[in-house]
Amino acid sequence: MSRQEDFLKQPPPPLPSRPIKLPAANETTLSNGLVVVVAEDSRLPLVSYRLALRTGDAHDPAELPGLMDMLTGLLTEGTESRTSREIADEVARLGATLQAGANSDYTTVAASSLATFSDNILELMADVALRPVFPRNEVELAKQNTKESLKQQRAQPSFLASEMVARVMFGAHPYHVTAPTPESIDATTRERLVEFHHAAFVSNNAVLLIAGDVQQESILQQVESLFGNWQPGDLLGDDFPAPPQRTSRSAYIVDRPGSAQANIVIANKGITRTSPDYFPLLLMHTVLGANASSRLFMNLREEKGYTYGAYSSLDARRTAGTFRATAEVRTPVTGDSLKEFFYELNRIRNEPVSEKEIADAKSYLTGVFPLRLETQEGLVDQLVQIKMFDLPEDYLEIYRNRIQEVTIPQVQEVARKYVGPDEAAIVIVGDGVQIADQVKPYAGEIEFYNTAGKKKGKPTVAPHSPEAAAALAGNWSLLIETPLGQSIPATLVLRNIEKGLSGKVTSEMGNGELLSATFDGESFAGTILFDIAGHTMDAQIEGEVANEQMDGSISLQNAPALPFTGSKDATGSDG
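Computed from a predicted structure; not experimentally measured.

K.L.:
Lay out the overall build of the protein chain with the relevant residues and their values.
P.N.:
Assigned secondary structure in the protein chain consists of 18 helices and 21 strands. A compact globule built from 575 residues should have a C-alpha radius of gyration of about 25 Å, and the protein chain, at 27 Å, falls within 12% of that. C-alpha extents for the protein chain along the principal axes are approximately 80 × 70 × 50 Å. Looking at the protein chain as a whole, 52% of its 575 residues are labelled buried.

K.L.:
Describe the environment of phenylalanine 524, listing the residues and the values that go with them.
P.N.:
Along the chain, the position of phenylalanine 524 falls in strand 18 (residues 523–532). With 405 residues separating them in the primary sequence, phenylalanine 524 and aspartate 119 have C-alpha atoms 58 Å apart.

K.L.:
Before we move on, could you go through the sheet that holds strand 8 (residues 261–269) and cite the residues and values that matter?
P.N.:
Pairing in this open sheet of seven strands is mixed, and the strands run 9-10-8-11-7-12-13 from one edge to the other. Where the open sheet ends on each side, the last strands, each with one partner, are strand 9 (307–316) and strand 13 (455–456). With two bridges connecting them, strand 12 (residues 445–449) and strand 13 associate as antiparallel partners. The partner of phenylalanine 448 across the bridge, within strand 13, is lysine 456.

K.L.:
For the pairing of strand 8, give the residues involved together with the corresponding values.
P.N.:
Across the nine residues that make up strand 8, a large majority, seven, are buried. Direction of pairing for strand 8 relative to strand 10 (residues 321–330): antiparallel, over a ladder of nine bridges. Within strand 10, the position partnered with isoleucine 266 by the bridge is alanine 325. As paired strands, strand 8 and strand 11 (residues 425–430) are joined by five bridges and run antiparallel to one another. Its bridge partner being in strand 11, valine 265 is matched across the sheet by valine 427.

K.L.:
Go over a nonpolar patch on the surface, please, and point to the residues and values.
P.N.:
Together, Leu44, Leu46 and Leu114 give the surface a local cluster of nonpolar side chains, amounting to about 250 Å² of exposed area. Examined against the element boundaries, leucine 114 turns out to sit in strand 5 (residues 107–114).

K.L.:
Kindly report on the packing of helix 10 (residues 278–288) against helix 15 (residues 395–405), identifying the contributing residues and their values.
P.N.:
For the pair helix 10 and helix 15, the least separation of the axes is 10 Å and the interaxial angle reads 60°. With respect to their mutual orientation, helix 10 and helix 15 come out oblique. Considering the relative orientation of helix 10 and helix 15, their crossing is right-handed. Contact residues: helix 10 offers Tyr278, Phe279, Leu282 and Leu283, while helix 15 offers Tyr395, Tyr399, Arg402 and Ile403. Residue classes in the contact of helix 10 with helix 15 are distributed as seven nonpolar, no polar and one charged.

K.L.:
Explain unusual backbone geometry residue by residue, including any values.
P.N.:
When glycine is set aside, most residues are seen to have a negative phi, and most peptide bonds are trans. Residue phenylalanine 134 is not a glycine yet carries a positive backbone phi of 50°. Assignment of secondary structure puts phenylalanine 134 in the loop between helix 4 (118–130) and helix 5 (136–154). Although it is not a glycine, asparagine 547 sits at a positive phi angle of roughly 55°. Here asparagine 547 lies in the loop between strand 19 (535–546) and strand 20 (549–556).

K.L.:
Just give me the short version of the packing of aromatic side chains, but keep the residues and values in it.
P.N.:
Two numbers describe a pair of aromatic rings. These are the distance of the centres and the angle of the planes. One pass over the full model with this rule turns up 10 aromatic pairs. On the numbers, 5.3 Å between centres and 85° between planes, the contact of tyrosine 278 with phenylalanine 279 is edge-to-face. Note on accessibility: tyrosine 278 and phenylalanine 279 belong to one class, buried. Centroid distance phenylalanine 279 to tyrosine 395: 6.2 Å. Interplanar angle 35°. Geometry classified as tilted. Linking phenylalanine 279 in helix 10 with tyrosine 395 in helix 15, this pair joins segments that are 116 residues apart in sequence. Side by side, phenylalanine 279 and tyrosine 395 carry an identical accessibility label, which is buried. Within the aromatic cluster, the residues linked to one another by ring pairs are Tyr278, Phe279, Phe369, Tyr395 and Tyr399. For the cation-ring pair, arginine 273 lies above tyrosine 278, with the distance from its terminal atom to the ring centre recorded as 3.8 Å. The lysine or arginine in question, arginine 317, covers the ring of tyrosine 175, its NZ or CZ lying 4.6 Å from the ring centre.

About the criteria used
- Residues numbered from 1 in each chain as written.
- Predicted model: local features only at pLDDT ≥ 70, side-chain atom pairs only at ≥ 80, totals over all residues.
- Heavy atoms only, no water.
- Helix = DSSP H or I, 4+ residues; strand = E, 2+ residues; numbered from the N terminus.
- Rg over C-alpha atoms; globule rule 2.2 N^0.38 Å.
- Buried < 20%, exposed > 50% of the residue type's maximum accessible area, 1.4 Å probe, protein only.
- Pairing = 2+ DSSP bridges.
- Patch = residues over 30% accessible without salt bridge, like charges linked within 9 Å, V, L, I, M, F, W, Y side chains within 5 Å.
- Areas by Shrake-Rupley, 256 points an atom, 1.4 Å probe, with all protein chains shown as cover.
- Salt bridge = Lys/Arg side-chain N within 4 Å of Asp/Glu carboxyl O.
- Axes fitted to C-alpha atoms, helices over the stretch in contact; angles between N-to-C directions.
- Parallel < 35°, antiparallel > 145°, perpendicular 65-115°, else oblique.
- Left-handed = near helix turned anticlockwise from the far one by under 90°.
- Contact = heavy atoms within 4.5 Å.
- Nonpolar A, V, L, I, M, F, W, Y, C, P; charged D, E, K, R; others polar.
- Phe/Tyr/Trp six-rings, centres within 6.5 Å; stacked < 30°, edge-to-face > 60°.
- Lys NZ or Arg CZ within 6 Å of the ring centre and 35° of its normal.

As structure tokens, then:
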């Protein structure tokens, strides 16, 4: 082989690390307890603001999950001096951004603009954060939108998997909540929103972070004028029950009859964000499954072809966490995929990673880190995490050194500590009939649930029941929800034939023939051959049936599942 050929086959070595030049962040605390962090950066005429509060979804009242998410969504829908339309028009006039959101640990109100309009957008940000009025009409609209969004979520296998993992891994800890319920949405009132805002939005619970083309002295004067009268209050705190301790491996199957894929999540207890094991675990996770060159991806996709991608995830929050391995695989290879997952999970525990693997992981992590800090938005978001998770003040400066200090023995130590195949929770969303026996060799105990999260018996292929099929047969009027919030009417015609069910679907999207269908008295599932604009494609339809009502979803190839609701027509039975 010539030197040129050898050169072309070898990837170039990584360049040496260059120093990260970050603007100095200066911190001030106002008399009311509000912490203000200013990072002056005049390279671009831009400014970014974050008002971060140490209260998140985990602090929702137990009977009102989703309250903080709804609250943040309504902050920009009206204040004491501005209507929703006026707020939107002013943001557009300034060419700015203004939004709010929450995760499990904290809440942020975010704004950005050209430096010329920094005073204007900061005043508007203070107005929506401190003086929202939660108009009743906007609250009712938000409740309806949240219900529709919940239907969309429940039609997604990935959501059902995340919901079950949180439920199993966090137990009574509030991290087990992943979404509101229809009951909690109905129980949310303007009065509860006002009350919760008053409790959570207090000055001594907040940090205001500012990055961009500002002068510290003048910006602090404006902050004092806008936020100086903000009152402190009692903090809600993080006194939560501990997650349950797992002592054995068990599986939890969310049954979606007819699913062509199985969504697999294998979960173990993880760490908090401030754990001393964070950096060794981050390296281990990078080797195992963080990207498309990691072990899980190379095994399950590149070598076996079971999936489009297999990954691990490190979920480290303020008070608890999980470590997960995940993939969406073809239903027939569910068991084979579990075999490869547990092979890799045991290998990372029992064999030291190679020098090349840890060097590549360090190069990857230290290489992508500066990219997160290249923009003001990226920098201010990193500063938010430092303050909300109580990370060291010099975290950004020491990050790459902490990565480089991790050793191979430390990687194996955290793998043995946090990757526990024998105590893992295996969560799979898929066709229970097809995957139950495939999962059995890998779990001593298997529990089954329907897509509403209710426990059920082991699904079986029941013999054709003329009585059950006759009750289902007939004409069903459906309303199919699109991702754009539109409702498309459709008709599902089911016929009771000698060997089971046949039928058809007609809608504005296209018409389809029901190729096969099962019904166990509660759950209906089938495969439809659709003709859409002259193109044929398979789709999966499934639903839960009760009292001549059906709630379910239609999943077209390579497209999000579309939830639907339906009712059986009183006349026109085609049984």
